[in-house]
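Secondary and tertiary structure notes
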Amino acid sequence: MNMRIGQGWDSHAFKPGVPLRIGGLSIEHHEGLAGHSDGDVLLHAITDALLGAVSAGDIGSFFPPGDPRWKGADSSIFLNLALEEIQNAGYRIVNVDTTLVLAAPKIAPLAAEMRERVADLLDLEPNAVGIKAKTPEGMGLDHVAQAHAVVLLERVEDPLELKSMTAVIESQRQLEDVVQDLVSQVHGVPPLRVFDTEDIT
């Protein structure tokens, strides 16, 4: 069986007056994570892991930090792009394992909900998503959040499975045109559209 592994990492500093989003969840905290988008350090790391697994570059290749289109953008857009890339490469996700490194807020009380949210975004069962958290003891990084992510992919041999993966991406219709335009820009080809039923043989 053809397997691929991808590894991703991201970090953002905390900043007052910014909403905190981690793993697709809005979290009550006195500071959020500074970033050009919504600063979701966990989704950024997972996105990079997925892109890296199929040698598609990194998040900055598709979403340059200086591009005003992505100011405050929901990081699920980035994740959706990565799902499109692994589908185009003929792979699906087996499992994802992640580690958050931050002093506060405490992630343990939120881990189950965060696992559910990430699993939903990736169309996985929750038991295929690992969410762990550590404190940055002795690292002098108490005002920074870091995320590490590792993904395992396997090649999809059944065309019907690819069709199912496409349906997940189609469910987010408001993201599809953005994702397809970015794929075409990066790869220098006309925008690809998701499979229709008659395309699957």
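Not measured: the values here are computed from a predicted model. (Residues numbered from 1 in each chain as written. Predicted model: local features only at pLDDT ≥ 70, side-chain atom pairs only at ≥ 80, totals over all residues. Heavy atoms only, no water.)

Concerning the overall build of the chain
Just so we agree on the cut-off: Where helices and strands are cited, they refer to DSSP runs of H or I of at least four residues and of E of at least two residues respectively, numbered from the N terminus. Partly exposed residues are those whose accessible area sits between 20% and 50% of the maximum for their type, while under 20% is buried and over 50% is exposed, using a 1.4 Å probe and protein chains only. Contact criterion: two residues are considered in contact whenever any of their non-hydrogen atoms come within 4.5 Å of each other.
Looking only at helices and strands, the chain features 6 helices and 7 strands. For the chain, the sequential pattern of α-helices and β-strands runs β-β-β-β-α-α-α-β-α-β-β-α-α. Counting every position in the chain, which comprises 201 residues, the buried fraction comes to 49%. Taking as baseline every contact in the chain between residues at least 6 positions apart, the subset at least 24 positions apart corresponds to 74%.

Points about the sheet that holds strand 4 (residues 31-33)
Rules: Here, a strand pair is defined by DSSP locating no fewer than two bridges between the strands. Axis lines are fitted through C-alpha atoms, for helices just across the contact stretch, and the angle between N-to-C directions can take any value from 0 to 180 degrees.
Ordered by their spatial adjacency, 5 strands build an open sheet running 4-1-7-5-6, and the pairing between neighbours is mixed. Strands with a single pairing partner mark the edges of an open sheet, and in this sheet they are strand 4 and strand 6 (129-134). Strand-to-strand twist across the sheet, computed as the mean angle between neighbouring axes with direction ignored, equals 20°. Note: strand 1 (residues 3-16) against strand 7 (residues 144-155), 11 bridges, orientation antiparallel. Residue pairing across strands places His 12 opposite Ala 145, the latter belonging to strand 7. Across the sheet, helix 1 (residues 41-53) lies against strand 1, strand 4, strand 5 (91-101), strand 6 and strand 7, angled at about 155° from strand 1, the strand it touches most.

Description of the UniProt feature "binding site: a divalent metal cation" (unreviewed entry) in the chain
Worth spelling out the cut-off: UniProt positions are given in the numbering used here, feature names are shortened, and annotations may be inferred rather than shown by experiment. For this analysis, a polar contact is any N or O atom pair within 3.5 Å, provided that within protein one partner can donate a hydrogen and the other can accept it, and provided that sequence-adjacent residues contribute only side-chain to side-chain pairs.
In the numbering used here, UniProt assigns the feature "binding site: a divalent metal cation" (unreviewed entry) to Asp 10, His 12 and His 44. Maximum C-alpha separation among the annotated residues is 10.3 Å over a sequence range of 35 residues, consistent with a single clustered spot. Inspection of the secondary structure puts His 12 in strand 1. Other than its neighbours up to four places away in sequence, His 12 contacts Leu 33, Ala 34, Gly 35, Gly 39, Val 41, His 44, Val 144 and Ala 145. A polar atom in the side chain of His 12 sits 2.8 Å from the backbone oxygen of Ala 34. With respect to the secondary-structure elements, His 44 resides in helix 1. Beyond its immediate sequence surroundings of up to four residues, His 44 is in contact with Asp 10, His 12, Ser 37, Asp 38, Gly 39, Ile 59, Ser 75 and Phe 78.

A short note on the packing of helix 1 against helix 4 (residues 111-122)
Quick note on the threshold: When describing relative orientation, an angle under 35 degrees is termed roughly parallel and one over 145 degrees roughly antiparallel, while 65 to 115 degrees is termed roughly perpendicular and anything else oblique. Crossing handedness is read from the near helix: turned anticlockwise from the far helix by less than a right angle, it gives a left-handed crossing, and turned clockwise, a right-handed one. Any residue that is not Ala, Val, Leu, Ile, Met, Phe, Trp, Tyr, Cys, Pro, Asp, Glu, Lys or Arg is counted as polar, Gly included; the first ten are nonpolar and the last four charged.
The contact between helix 1 and helix 4 brings their axes to 12 Å, and the two run at 40°. Taken together, the axes of helix 1 and helix 4 lie oblique to each other. Helix 1 and helix 4 meet at a crossing whose hand is right-handed. Every residue of helix 4 that contacts helix 1 at Leu 42, Leu 43, Ile 46 and Leu 50 is listed here: Met 114, Val 118, Leu 121 and Leu 122. Of the residues belonging to the contact of helix 1 with helix 4, the class tally is 8 nonpolar, no polar and no charged.

Brief notes about unusual backbone geometry
Backbone torsion omega between Ala 104 and Pro 105 reads 0°, so that peptide bond is classified as cis. Within the secondary structure, Pro 105 sits in the loop between strand 5 and helix 4. Positioned with a positive phi, Asp 123 is a non-glycine residue whose angle comes to about 55°. One can find Asp 123 in the loop between helix 4 and strand 6. Classification of Asp 123 by relative accessible area gives partly exposed; the value is 47%.

Focus: the pairing of strand 7
Look at any regular strand and the pattern is simple: side chains alternate between the two faces of the sheet. Note that strand 5 and strand 7 share 10 bridges and pair antiparallel. Note that in strand 7 the partner of Leu 100 across the bridge is Ala 147.

Some details on the pattern of salt bridges
To keep it simple, the criterion reads: Only one rule defines a salt bridge in this text: a Lys or Arg side-chain nitrogen within 4 Å of an Asp or Glu carboxyl oxygen.
Under the defined criterion, the tally for this structure stands at 4 salt bridges. Its salt-bridge partner being Asp 38, residue Arg 21 comes within 3.5 Å of it at the nearest N-O pair. With Arg 21 in strand 2 (residues 20-22) and Asp 38 in the loop between strand 4 and helix 1, the pair connects residues that are 17 residues apart, well separated along the chain. The two residues Arg 21 and Asp 38 agree in class, both being buried. Ionic pairing is found between Lys 132 and Asp 97, a salt bridge with its closest N-O pair at 2.8 Å. Taken together, the residues Lys 132 in strand 6 and Asp 97 in strand 5 connect sequence positions 35 residues apart. Residue classification places Asp 97 among the partly exposed positions, given a relative accessible area of 35%.

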